[in-house]
Amino acid sequence: MEKILITGANGQLGTELTISLCKKYGVENIIASDINLPKSTLPCQFIKLDVAQKADLERVIANAQITQVFHLAALLSAKGESDPQFTWDLNMSSLITILEAARKYQINKIFWPSSIAVFGRTTPKENTPQHTVTEPDTMYGITKLAGERLCEYYFKKYGIDVRSLRYPGLISNKTLPGGGTTDYAVDIFYQAIETGTYNCFLNRETFLPMMYMPDAIKATIDLMDAPKENIKIRSSYNIGAVSFSPEDLAKVIQKSIPDFTITYSPDFRQQIADSWPSNIDDSAAKKDWGWQPNFDLDKLSSDMLKNLKEKLSNSIF
Ligand code: AKB
C-alpha cells in the first residue's frame, strides 16, 4: 500500500490534489503538509512542515514510511521576484532533499511540478516544442529549469522514478492561486461576479497557455499512474489545454454577465507574461501516456461561474 506525502497541500493545486488522492488511495494513506495551517478541515492527516527545513522534511519521510511524494511547495513567478535568493533556496533545496531521500528511504515515485516558466523570450512562442530553447527570465523559471535537470539527472544516475509536468496557468474555484503571473485568469471571475468590472494587470492581447483544474488533476494522476516504461521524458512534459488573452476571457464571461467590463493596467507581470509562450505543443504527453484535456474556454468559463456564484452566495449568508 502506498503512503503519500503532499507538500504545499494548502495551495491552489495542493488543495484539490489532496482531495483526489484521498479518494484514490484512502484518507489513511495520505499526509498533507504545508508551512501554514489549513483554512478548513482536511479529510486526511495534516502536518505543519517547512520544506526548507531539510531535517524536518527527511524525518517526516522516514518516520511515516512515505512511498510517494507530491512535492508542490514552491514560490511562483511574480512573488518569487520580490525575493529571488529565497525563491532559489526554497524551490531548489526542498527538491534535492526529496530526491536524496528517495535514495535513502523507500520512496518509489515522486511528482514534481514544472511550469511554462522554463521558457523565455528566445523560445518559439507558438506551438512551443517539448525540446527547445529554455532561457527563463524569472528566478521561478530558473528554479524550474534547474529542477527539471535535477529530476532527469536523478532518474538517469540513480533510477529515481520522478515525473513532472510543465503546468500552464491553472484556473480553479476552490483555492486562490498565490503569486503567479497567470493569476488574473482566476481573479477576473471573482471580480466579474462581485463587482461586474475587472482591472487586469496584463494587457488585452497577452495570450498565455491555461488549464482548468479538473484537467490539471487528471493530467497529474494519469502521469503518475502510467507504466514506468511509457514515461520517456524525465525532465518535464509539456501539457496544453487552452490558450487565450484577457480580452478573449472577458468576452466569454460577457456571454453570462453581459454588463461585465474590463480595463487594462499592465504592471511588472506583463514583462514576465511577454517572455512566456502563447500555446504549447503537448504531442509527447499525448503519445506517451494518453494526455487529453476535457475543458475548452467556454466549458471552463461556465463551470467557473456556476461554482463561484454558488460559493460566493454561500459565503455571504
Ligand atoms: C505562475 O504564473 O507563476 C504560475 C505558472 C505558470 O507556473 N501559474
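Residues numbered from 1 in each chain as written. Predicted model: local features only at pLDDT ≥ 70, side-chain atom pairs only at ≥ 80, totals over all residues. Heavy atoms only, no water.

Undergrad: Give me the overall build of the protein chain: which residues, what numbers.
TA: Secondary structure summary: the protein chain contains eleven helices and twelve strands in total. Radius of gyration (C-alpha) of the protein chain: 19 Å, near the 20 Å computed for a compact globule of 317 residues. Considering only C-alpha atoms, the protein chain reaches an extent of 60 × 50 × 40 Å along its principal axes. When contacts within the protein chain are restricted to residue pairs at least 6 apart in sequence, long-range pairs at least 24 apart make up 79% of them. The averaged location of the 37 negative side-chain charges in the protein chain is 5 Å from the averaged location of its 34 positive side-chain charges. (Helix = DSSP H or I, 4+ residues; strand = E, 2+ residues; numbered from the N terminus. Rg over C-alpha atoms; globule rule 2.2 N^0.38 Å. Contact = heavy atoms within 4.5 Å. Lys, Arg positive; Asp, Glu negative; His and termini not counted. Charge placed at Lys NZ, Arg CZ, Asp CG, Glu CD.)

Undergrad: Could you give an account of the environment of Asn-294, with specific residues and numbers?
TA: Along the chain, the position of Asn-294 falls in the loop between α10 (283–289) and α11 (297–316). Assessed through its relative accessible area of 45%, Asn-294 is described here as partly exposed. (Buried < 20%, exposed > 50% of the residue type's maximum accessible area, 1.4 Å probe, protein only.)

Undergrad: If you had to explain the side chain of Asn-91 to someone new, which residues and values would you point to?
TA: Considering the arrangement of structural elements, one finds Asn-91 in helix α4 (residues 84–104). Here Leu-75 takes part through its backbone nitrogen, which lies 3.0 Å from a polar atom of the side chain of Asn-91. For Asn-91, the side chain forms a polar contact with the side chain of Thr-143, separated by 3.1 Å. (Polar contact = N/O pair within 3.5 Å; in protein donor to acceptor, adjacent residues only side chain to side chain.)

Undergrad: If you had to explain the nonpolar core to someone new, which residues and values would you point to?
TA: Counting residues in hydrophobic clusters, the biggest one holds 41 residues, and the most contacted among them are Ile-171, Tyr-184, Phe-189, Phe-244, Leu-249, Phe-260 and Leu-300. When contributions to this core are tallied by element, the ones reaching two or more residues are α5 (139–158), α6 (184–194), β8 (197–200), β9 (208–212), β11 (242–244), α8 (246–256), α9 (269–274) and α11. Mapped onto the domain boundaries, this core takes at least three residues apiece from domain 1 (4–169 + 212–238) and domain 2 (170–209 + 241–278 + 295–313). Excluding its chain neighbours within four sequence positions, the residues that come into contact with Ile-171 are Gln-12, Ala-185, Val-186, Phe-189, Met-210, Met-211, Tyr-212, Met-213, Phe-244, Leu-300 and Met-304. Of all hydrophobic cores here, the second largest spans 34 residues; its members include Phe-70, Tyr-167, Ile-233 and Tyr-237. (Core = buried A, V, L, I, M, F, W, Y, C linked by side-chain atoms within 4.5 Å. Domains from an automatic or database assignment.)

Undergrad: Can you break down the pattern of salt bridges residue by residue, with the values?
TA: Under the definition given, this model contains 15 salt bridges. The residue Glu-100 makes a salt bridge to Arg-103 at a minimum N-O spacing of 3.2 Å. Pair noted here: Glu-100 and Arg-103 are both in helix α4, with a separation of three residues, about one helical turn. Classification of Arg-103 as partly exposed rests on a relative accessible area of 41%. The shortest N-O distance in the salt bridge between Glu-152 and Arg-149 comes to 3.2 Å. Taken together, the residues span about one helical turn, with Glu-152 and Arg-149 both in helix α5 at a distance of three residues. (Salt bridge = Lys/Arg side-chain N within 4 Å of Asp/Glu carboxyl O.)

Undergrad: Requested: an account of the site of the ligand, with residues and values cited.
TA: Every residue near the ligand is listed here: Leu-76, Ser-77, Ser-115, Ile-116, Tyr-140, Gly-180, Thr-181, Thr-182 and Trp-276. A distance of 2.6 Å separates an oxygen atom of the ligand from a polar side-chain atom of Ser-115. In this structure, Thr-182 approaches the ligand through a side-chain N or O atom, which is 2.9 Å from a nitrogen atom. In the complex, the protein chains occlude 93% of the 250 Å² of accessible area that the ligand would expose alone. Looking at side-chain class alone, the shell around the ligand contains four nonpolar, five polar and no charged residues. (Near = heavy atom within 4 Å. Areas by Shrake-Rupley, 256 points an atom, 1.4 Å probe, with all protein chains shown as cover. Nonpolar A, V, L, I, M, F, W, Y, C, P; charged D, E, K, R; others polar.)

Undergrad: So what's going on with the domain arrangement of the protein chain? Residues and values would help.
TA: Partitioning the protein chain into domains gives domain 1 (4–169 + 212–238) and domain 2 (170–209 + 241–278 + 295–313). When domain 1 packs against domain 2, the two sides together hide about 2,600 Å² of surface, and 61% of this comes from carbon and sulfur. The tally of links from domain 1 across to domain 2 stands at 16 residue pairs in polar contact (both at pLDDT 80 or more). Mapped by element, the contributors of at least two residues to the side of domain 1 that touches domain 2 are α1 (12–25), α3 (77–80) and α7 (213–225). (Buried area = accessible area lost by both parts, 1.4 Å probe.)

Undergrad: Break down the packing of α6 against α8 for me, with residues and values.
TA: Packing of α6 against α8 brings their axes to within 11 Å, and their N-to-C directions diverge by 30°. Considered as vectors, α6 and α8 are oriented roughly parallel to each other. Helix-helix and strand crossings are classified by hand; for α6 and α8 the assignment is right-handed. Contacts from Tyr-184, Ala-185, Ile-188, Phe-189 and Ala-192 in α6 reach Pro-246, Leu-249, Ala-250 and Ile-253 in α8. Of the residues assigned to the contact of α6 with α8, the class counts are nine nonpolar, no polar and no charged. (Axes fitted to C-alpha atoms, helices over the stretch in contact; angles between N-to-C directions. Parallel < 35°, antiparallel > 145°, perpendicular 65-115°, else oblique. Left-handed = near helix turned anticlockwise from the far one by under 90°.)

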